Amino acid sequence: MPESNVPTQVDVLRCRIGTDVAFAAECLRSGGLVGMPTETVYGLAASALQPQAVAAVFDVKRRPHFDPLIVHLSGIDQLPMVAKEIPERAYQLAERCWPGPLTMILPRTAEVPDLVTAGLPGTGVRIPAHPMARQLIAAAGFPLAAPSANLFGCMSPTTAEHVRDGLGNSIDYVLDGGPCSIGVESTVISLMEEQPVLLRHGGLPLEELEQIIGPIVIAAADPDAHDRAQPAPGMLSRHYAPRTRMQLIPAEAEAHPVPGIRNVLLTWGNAPVAPGFDRIHSLGPAEDLRICAAGFFAALRMLDALAPDVIIAREFTDSGLGRALNDRLRRGAAGSEQSHAH
Ligand code: TXA
Ligand code: MG
């Protein structure tokens, strides 16, 4: 934190939220941590080139060190700083999808600290589309390592207040760029081998990527690997979990409450709902999953905060953004299952 902005006692407990990009950049230069708006979810940003700042990101998130961080760039001109031997396909994707919700894993340069990549030979890179994110990276003058700004395993934040509520007493500032327009994390694709591999479904649908570079293999997650390295550590099954137990129902099924307990429902479209829910929240129309995705995490937080006995959630059809939403729902349900098993 820069000296001119010595925190007051209140700030010590909860960091400030504001739109001061220059101040946020100054925090980052002095090795601090800043909540950064992006079009997908809010990130917890630190200088990607300062290992101590990166270490603080892991500490604050309580994130295991085997789970690498995405490096965020302000423009393609910064790419050679962090990646080398860049395949042609990466440029094809960059041209069509950046800035935007796509993270590519590319061979790293020596400039990227081991901590950022968890010792892996590749680094995740992304140019975010949110103008404030790009202003921040440009003002800082170096790439930013940023995971989603939530405690490890918890739901991703899609507003500045979500970030402050989760991490507010351990970071320097939250840059407020309004609610995230996409609402789910970036799609992660590895271009480390000849064959592109999808490591995480996200804001850019698989179908759109395949139109640009042809067939993509989907990496299989090992559902039993809760606490060890995976090809993409983001494949850990316990992730995005609300505190409340969550139970999923098929896309078209009628939603029924579990008898005798307090039920809330997270749904979409106009599939049938039986009576008896304390609260029903519809994410949006079946025809526009972008609306459903944009409100997804905020809705899940809102329902969780009602502290019901169970959140019944309707799965999506497995295509387009529905894949990304289902992935969050399934891992959220698996995570809530584990925490309720003890
Ligand atoms: O939309 C997003 O991607 C957001 C915003 C802030 O950019 N970030 C985000 O970061 O979701 P995070 O850390 O919560 O998830 C990134 C995932 C990691 O869990 C990891 O699996 C994968 O991306 N990843 C990052 N770097 C990698 C690498 N070098 N090799 C393999 N996987 C990597
Ligand atoms: Mg995350």
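What counts, and at which threshold
- Residues numbered from 1 in each chain as written.
- Chains lettered and ligands numbered in written order.
- Predicted model: local features only at pLDDT ≥ 70, side-chain atom pairs only at ≥ 80, totals over all residues.
- Heavy atoms only, no water.
- Helix = DSSP H or I, 4+ residues; strand = E, 2+ residues; numbered from the N terminus.
- Contact = heavy atoms within 4.5 Å.
- Areas by Shrake-Rupley, 256 points an atom, 1.4 Å probe, with all protein chains shown as cover.
- 1 Å grid on protein atoms, 1.4 Å probe; cavity = no way out; pocket = protein on both sides within 12 Å on 5 of 7 lines; lining within 4 Å.
- Points joined across faces, edges and corners; volume = space filled by probe spheres on them.
- Nonpolar A, V, L, I, M, F, W, Y, C, P; charged D, E, K, R; others polar.
- Domains from an automatic or database assignment.
- Axes fitted to C-alpha atoms, helices over the stretch in contact; angles between N-to-C directions.
- Parallel < 35°, antiparallel > 145°, perpendicular 65-115°, else oblique.
- Left-handed = near helix turned anticlockwise from the far one by under 90°.
- Pairing = 2+ DSSP bridges.
- Core = buried A, V, L, I, M, F, W, Y, C linked by side-chain atoms within 4.5 Å.
- Buried < 20%, exposed > 50% of the residue type's maximum accessible area, 1.4 Å probe, protein only.
- Polar contact = N/O pair within 3.5 Å; in protein donor to acceptor, adjacent residues only side chain to side chain.
- Phe/Tyr/Trp six-rings, centres within 6.5 Å; stacked < 30°, edge-to-face > 60°.

Points about the overall build of the chain
Each helix and strand in the chain was counted, giving twelve helices and 15 strands. Taking contacts inside the chain between residues at least 6 apart in sequence as the whole, the part at least 24 apart equals 66%. Accessible surface, the chain: about 14,200 Å² in total, of which carbon and sulfur atoms supply 53%.

Looking at empty space enclosed by the protein
Applying the stated criterion to the full structure yields one cavity of 30 Å³ or more. In this structure, the largest cavity encloses a volume near 30 Å³. In terms of lining, the largest cavity is formed by Thr187, His201, Gly202, Leu204, Pro205, Leu206, Gly320, Arg323 and Ala324. Of the residues assigned to the lining of the largest cavity, the class counts are four nonpolar, four polar and one charged. Per-domain counts for the lining of the largest cavity show at least three residues from each of domain 1 (9-227) and domain 2 (246-341).

Thoughts on the packing of helix α5 (residues 88-97) against helix α9 (residues 206-213)
Where α5 contacts α9, the axes come no closer than 10 Å and their chain directions differ by 125°. By the criterion of interaxial angle, the relationship of α5 to α9 is oblique. When the axes of α5 and α9 are compared, the crossing they make is right-handed. For the pair α5 and α9, contact is made by Arg89, Gln92, Leu93, Arg96 and Cys97 and by Leu209, Ile212 and Ile213, respectively. Residues belonging to the contact of α5 with α9 are distributed by class as follows: five nonpolar, one polar and two charged.

Points about the sheet that holds strand β15 (residues 310-314)
Overall, parallel pairing links the four strands, which are arranged β12-β15-β13-β14 in an open sheet. Taken across any chain shown, the strands that pair with only one partner, and hence form the sheet edges, are β12 (245-249) and β14 (279-282). Between one strand axis and the next, the sheet turns through 20° on average, direction left out of account. Sheet topology note: the strand β13 (residues 263-267)/β14 ladder contains four bridges and is parallel. Opposite leucine 265, over in β14, you have isoleucine 280 as the bridge partner. Of the strands in this sheet, β12, β13, β14 and β15 touch helix α11 (residues 296-305), which is tilted by about 175° from β13.

What to know about the nonpolar core
By size, the foremost hydrophobic cluster in this structure holds 47 residues, and its most contacted members are Leu79, Leu93, Leu102, Met104, Leu106, Val125 and Ile171. Secondary structure elements with two or more residues in this core: β3 (43-47), α3 (51-61), α4 (79-82), α5, β5 (102-107), α8 (160-167) and α9. Sorting elements by how many residues they give to this core places α3 first, with five residues. If we skip the residues at most four places from it in the chain, methionine 104 touches Ala90, Leu93, Ala94, Trp98, Thr123, Gly124, Val125, Ile189 and Leu191. Listed in part, the 26 residues of the second largest apolar core include Ala251, Leu289, Phe296 and Phe316.

Focus: the side chain of glutamate 315
Mapped onto the elements, glutamate 315 comes out in the loop between β15 and α12 (321-341). Taking the relative accessible area as the measure of exposure, glutamate 315 reaches 18% and is therefore buried. At a separation of 3.3 Å, a polar atom in the side chain of glutamate 315 contacts the side chain of arginine 330. Contacts of glutamate 315, omitting those with residues within four sequence positions, involve Leu248, Ile249, Ala251, Trp268, Asn326, Leu329 and Arg330.

Some thoughts on the packing of aromatic side chains
This structure, assessed with the given rule, holds four aromatic pairs. Their ring planes at 10° and their centres at 5.0 Å tell us that tryptophan 268 and phenylalanine 316 sit as a pair that is stacked. Separated by 48 residues along the polypeptide, tryptophan 268 in the loop between β13 and β14 and phenylalanine 316 in the loop between β15 and α12 bring together distant segments of the chain. Like tryptophan 268, the residue phenylalanine 316 is buried in the burial classification. Between phenylalanine 296 and phenylalanine 297 the ring centres are 5.1 Å apart and the planes differ by 70°, which places this aromatic pair in the edge-to-face class. You can call phenylalanine 296 buried: its relative accessible area is 0%. Of the residues examined, phenylalanine 297 reaches a relative accessible area of 0% and is grouped as buried.

A closer look at the sheet that holds strand β6 (residues 122-126)
Note on sheets: strands pair through backbone hydrogen bonds, and any given pair is parallel or antiparallel. Across the sheet, which stays open at both edges, the eleven strands sit in the order β1-β8-β2-β3-β7-β4-β6-β5-β9-β10-β11 with mixed pairing between neighbours. Of all the strands in the sheet, the pair left with one neighbour each is β1 (16-18) and β11 (217-218). Judged from the three bridges that link them, strand β4 (residues 70-72) and β6 form a sheet pairing that is parallel. Bridge assignment links histidine 72 to a residue of β6, and that residue is arginine 126. Each of β1, β2 (34-36), β3, β7 (144-145) and β8 (173-175) touches helix α2 (residues 21-29); the most contacted strand, β8, lies at about 135° to it. Across the face of the sheet, α3 comes into contact with β3 and β7 while running at roughly 155° to β3.

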